[in-house]
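Residues per chain, in single letters:
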Amino acid sequence: SITLMNTGNRTTLFFVPILIEEFGGNNAHLGWCLFLNCLLMAPCMVLHSHMIKRGVKNHVPLLIGAGFGIVRVLLMQLARSLQVLIPLQILQSFAYGFLQPSTVQAAGDSAEFEIRSTAISLAIAATTVFSTFIGQIGGSYLSGIIGIYPTFAVSAAGTFLGIVCYLPVIWKERRENL
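This one's a predicted model, so the numbers in the text were calculated from it and none came from an experiment. (Residues numbered from 1 in each chain as written. Predicted model: local features only at pLDDT ≥ 70, side-chain atom pairs only at ≥ 80, totals over all residues. Heavy atoms only, no water.)

A. Expanded view of the packing of aromatic side chains. Inspection of every chain in the model, using the stated rule, returns five aromatic pairs. Centre to centre, the rings of Trp-32 and Phe-35 are 5.6 Å apart; their planes meet at 90°, and the pair counts as edge-to-face. Of this pair, Trp-32 and Phe-35 both sit in helix H2 (residues 27-39), three residues apart, which is roughly one turn of that helix. Aromatic side chains Phe-68 and Phe-94 sit 4.8 Å apart centroid to centroid with 25° between the ring planes, which places their arrangement in the stacked category. Note that Phe-68 is positioned in helix H4 (residues 59-75) and Phe-94 in helix H6 (residues 90-110), a separation of 26 residues in sequence. (Phe/Tyr/Trp six-rings, centres within 6.5 Å; stacked < 30°, edge-to-face > 60°. Helix = DSSP H or I, 4+ residues; strand = E, 2+ residues; numbered from the N terminus.)

Written out as structure tokens, the structure is:
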């Protein structure tokens, strides 16, 4: 489910350089997009840690990140110029800034202490590889059939499906805490 939540981000990252070129941009514009992608990522990661220390369940920042991911991917359909495309990339900071530490937290919480670091490494590697494969290869194939902008809507639906697939985990956690 976390892999599906990341697919929209991966699809969007794949198409941003293509759209920059299409809109007449250059490497400087790509640099600004990457800068904005990262601008608030670290503060979001720190906020995630603060939330967990205050007793917030890990699924809350995970769903916040997925929500920002959906909003970003859906808004990418409006990106018809560099002036719209570049500022939209700041939403990636919020999406990935919550999704990544939530993935680390979930993997760490589900593993025995002796293998925790291995579990975290494997979880990050697996979600990155599979979401990149689905998002970039699938997005590339799909865009050839329906175009780039409709592919963003499909990517958002994939992220939403990831949230739906994660709901049983949340419900199980709630039942155990009753």
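B. Expanded view of the environment of Ala-66. Position of Ala-66 among the secondary structure elements: in helix H4. By relative accessible area, Ala-66 is classed as buried at 0%. Taking the C-alpha atoms as reference points, Ala-66 and Phe-98, separated by 32 residues in sequence, lie 8.1 Å from one another. Dropping the residues within four chain positions of it, Ala-66 is found in contact with Met-5, Leu-99, Thr-159 and Ile-163. (Buried < 20%, exposed > 50% of the residue type's maximum accessible area, 1.4 Å probe, protein only. Contact = heavy atoms within 4.5 Å.)

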